[in-house]
Amino acid sequence: MSLLTGFAQPIEQSQQAFRLILKALSEPGYIVTLPASPAWGALNAASTAALLTLADQETPIQLCLALESEQVLTNIRFHSGAPLANNSEEVCFALFDAQLQAADLQALPHGSEISPEFSATVVVQIDSLEQGTPLRLTGPGIEHQRVISPSLPQAVLDYLINRPQRFPLGLDFLLTCGERLLALPRTTHVEVC
């Protein structure tokens, strides 16, 4: 299997991508563009940039079957060193496409009362960040409210609206489409407009 390129300028691009992802997480619903990022197989550029920036040898990952290929796995191992998770309890980053189901989310770690930081970050590749159900966001990083309308899989929409775990437990979401990314951390309250 051939190796694909990572960042052309690894230090500068990973720093820039980190700052942009941090901006998206600190301002939920704000869309950032991760320019000049490679796309590996079924992974779009924003998902690839998130892995190149955030994944390492200590962050086991899980990919849904539609995104998992030998080429993608080889490049993840080579560029980030991130291992595949042996079981769902150890997943740090989970990557899904729009076929994501509620059972997929339930199986992921949501942290514990003592260690809420041991929850998974879920990267979901969607078709559009702007042509779905209008959602109102409130919470930290949002002055009053922010309205977004990503084309979310029903399982993600249900999870965000109902938040089955009590804060500080829960999942953080990175929604990607092409080179663009939108974040919905567990601190964000989501309701349908």
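Predicted model only: the values in this text are computed from it and were never measured.

About the criteria used
- Residues numbered from 1 in each chain as written.
- Predicted model: local features only at pLDDT ≥ 70, side-chain atom pairs only at ≥ 80, totals over all residues.
- Heavy atoms only, no water.
- Phe/Tyr/Trp six-rings, centres within 6.5 Å; stacked < 30°, edge-to-face > 60°.
- Lys NZ or Arg CZ within 6 Å of the ring centre and 35° of its normal.
- Salt bridge = Lys/Arg side-chain N within 4 Å of Asp/Glu carboxyl O.
- Buried < 20%, exposed > 50% of the residue type's maximum accessible area, 1.4 Å probe, protein only.
- Helix = DSSP H or I, 4+ residues; strand = E, 2+ residues; numbered from the N terminus.
- Contact = heavy atoms within 4.5 Å.
- Pairing = 2+ DSSP bridges.
- Polar contact = N/O pair within 3.5 Å; in protein donor to acceptor, adjacent residues only side chain to side chain.
- Axes fitted to C-alpha atoms, helices over the stretch in contact; angles between N-to-C directions.

S.K.: Hey, could you run me through the packing of aromatic side chains in this one?
M.R.: Aromatic ring pairs are reported here in terms of the distance separating the ring centres and the angle at which the planes meet. One pass over the full model with this rule turns up one aromatic pair. Of note, Lys-23 hangs over the ring of Tyr-30, and the distance from its end group to the ring centre comes to 4.6 Å.

S.K.: I would appreciate a short explanation of the pattern of salt bridges in the present structure.
M.R.: In total, this model carries six salt bridges according to the counting rule given. For Glu-27, the salt bridge identified is with Lys-23, shortest N-O distance 2.8 Å. By relative accessible area, Glu-27 is classed as partly exposed at 24%. Lys-23 gets classed as partly exposed once you look at its relative accessible area, which sits at 30%.

S.K.: Explain helix α5 (residues 154-162) here, please?
M.R.: Turn by turn, an α-helix covers 3.6 residues, leaving residues three or four places apart pointing in a common direction. Those residues of α5 that sit buried are Ala-155, Val-156, Leu-157, Tyr-159 and Leu-160. On its buried face, α5 is in contact with α4 (102-107), β4 (121-125), β5 (135-138), β7 (172-177), β8 (180-184) and β9 (189-192). At the C-terminal side of α5, Arg-163 shows a positive phi close to 35 degrees.

S.K.: Before we go on, may I ask you to explain the pairing of β7 in this structure?
M.R.: Side-chain positions along a regular strand alternate between the two faces of the sheet. In terms of burial, β7 is largely enclosed, as six of its six residues are buried. Residues Asp-172, Leu-174 and Thr-176 point to one face of β7 and Phe-173, Leu-175 and Cys-177 to the other, with burial holding for every one of them. Pairing of β4 with β7, which is carried by five bridges, proceeds in the parallel orientation. What sits directly across from Thr-121, in β7, is Asp-172. Of the strand pairs in this sheet, β7 and β8 are connected by five bridges, and their pairing is antiparallel. Residue pairing across strands places Leu-175 opposite Leu-182, the latter belonging to β8. A loop of two residues connects β7 with β8, the two strands running antiparallel in sequence, and Gly-178 in this loop sits at a positive phi of about 65 degrees.

S.K.: Please clarify how helix α2 (residues 45-54) should be interpreted in this entry.
M.R.: The buried count for α2 comes to nine of 10 residues, which makes it a mostly enclosed element. Within α2 the residues assigned to the buried category are Ala-45, Ala-46, Ser-47, Thr-48, Ala-49, Ala-50, Leu-51, Leu-52 and Thr-53. The N-cap residue of α2 is Asn-44: its side-chain oxygen and the backbone nitrogen of Ala-46 are 3.2 Å apart.

S.K.: Is there a simple way to explain the sheet that holds strand β3 (residues 93-96) in this structure?
M.R.: Backbone hydrogen bonds hold the strands of a sheet together, and the pairing may be parallel or antiparallel. Taken in spatial order, the six strands of this open sheet run β1-β8-β7-β4-β3-β2, and their pairing is mixed. Each of the sheet's edge strands pairs with one partner strand only, and the pair in question is β1 (32-33) and β2 (61-63). As judged from the two bridges shared by β1 and β8, these two strands associate in the antiparallel manner. Each bridged residue has a counterpart across the sheet, and for Val-32 the counterpart in β8 is Leu-181. Where helix α1 (residues 10-26) meets the sheet, it contacts β1, β7 and β8, and its direction lies at approximately 40 degrees from that of β8.

All we've got here are geometric facts, nothing functional implied.
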